[in-house]
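# Residue-level structural notes
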Amino acid sequence: MHREVAGASPSEVPGSGAQGAVRTFALSQDAPAAARHFAVSALRRWEIADLADDVALVVTELAANAVRHARSGFTVILSSCPSRPDVVRVSVRDASPLPPSGVAGSPLPVAPLHGLGALNAMASHWGVESLGSSGKTVWVELRG
């Protein structure tokens, strides 16, 4: 559905066995659902569909945050590594710089069992990387 907007398709890093998929979505209310479908499809192709429900939730939450709070399009980056086959990393990059204050070592607010708090409860690790005035990337590692 968003292939025209999206750019790159799933790929494998030559010689490494690592798998990755990247797609960019334009700002729209439908973009989080499209991002969720993209992510689940990638995991099924990689034959690690057992993480599909968790990845779907993470991608939907991060994509919705990009639309709602950053008011920007976003890029979803998925990766898995053969040295850690039970871990999938989900990253969502948006155009909004980090807010100036943080909670629990993170510059993004976390409410228990809601939004990023729910992701925090599911994730083995997560974090935020500043892209300066270009925006930020929020990433989550999920273990199968």
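In case you missed it, the structure is sitting above this.
Here's what I pulled together on the structure shown here. Everything numeric in this text was worked out from a predicted model, so none of it was measured.

## Looking at helix 3 (residues 52–70)
- For helix 3, which comprises 19 residues, the first-to-last C-alpha distance of 25 Å matches the rise-based estimate of 27 Å (1.5 Å per residue) to within 8%.
- Buried within helix 3 are the following residues: Ala52, Val55, Ala56, Val58, Val59, Leu62, Ala63, Ala64, Asn65, Ala66, Val67 and Ala70.
- Check the buried side of helix 3 and you find it contacts helix 2 (31–45), strand 3 (74–81), strand 4 (84–94), helix 4 (116–122) and strand 6 (136–143).
- One or two steps after helix 3, the chain reaches Arg71, where phi turns positive at roughly 50°.

## Description of the packing of aromatic side chains
- Counting across every chain of the model gives 2 aromatic pairs.
- Each ring, one from Phe25 and one from Phe38, has its centre 6.1 Å from the other, and the planes form 65°; the classification is edge-to-face. Of this pair, Phe25 sits in strand 2 (residues 19–25) while Phe38 sits in helix 2, and the two are 13 residues apart along the sequence.
- Geometrically, the ring pair formed by Phe25 and Phe74 is stacked, given 5.3 Å between the ring centres and 25° between the ring planes. Here Phe25, found in strand 2, pairs with Phe74, found in strand 3; they are 49 residues apart in sequence, far enough to count as distant. Pair check on accessibility: Phe25 and Phe74 agree, each one buried.

## As for the environment of Ser80
- Take Ser80: it is sitting in strand 3.
- A relative accessible area of 11% places Ser80 in the buried class.
- With 62 residues separating them along the chain, Ser80 and Ala18 place their C-alpha atoms 5.8 Å apart.
- With sequence-adjacent residues up to four places away left out, Ser80 is seen in contact with Ala18, Gln19, Trp46, Ile48 and Val87.

## Comments concerning the side chain of Ser96
- Within the secondary structure layout, Ser96 lies in the loop between strand 4 and helix 4.
- Using a relative accessible area of 18% as the deciding quantity, one classes Ser96 as buried.
- Ignoring any residue separated from it by four or fewer positions in sequence, one finds Ser96 in contact with Ala70, Gly135 and Lys136.

## Points about the nonpolar core
- By size, the foremost hydrophobic cluster in this structure holds 36 residues, and its most contacted members are Val55, Phe74, Val76 and Leu78.
- Within the residue set of this core, elements represented by two or more residues are strand 2, helix 2, helix 3, strand 3, strand 4, helix 4, strand 5 (125–130) and strand 6.
- The element contributing the most residues to this core is helix 3, with 9 residues.
- Sequence-distant contacts of Leu78, that is, excluding residues within four places in its chain, are made with Gln19, Gly20, Ala21, Phe38, Ala39, Ala42, Trp46, Val55, Val59, Arg89 and Val90.

Reading the values: rules and limits
- Residues numbered from 1 in each chain as written.
- Predicted model: local features only at pLDDT ≥ 70, side-chain atom pairs only at ≥ 80, totals over all residues.
- Heavy atoms only, no water.
- Helix = DSSP H or I, 4+ residues; strand = E, 2+ residues; numbered from the N terminus.
- Expected span 1.5 Å × (residues − 1).
- Buried < 20%, exposed > 50% of the residue type's maximum accessible area, 1.4 Å probe, protein only.
- Contact = heavy atoms within 4.5 Å.
- Phe/Tyr/Trp six-rings, centres within 6.5 Å; stacked < 30°, edge-to-face > 60°.
- Core = buried A, V, L, I, M, F, W, Y, C linked by side-chain atoms within 4.5 Å.

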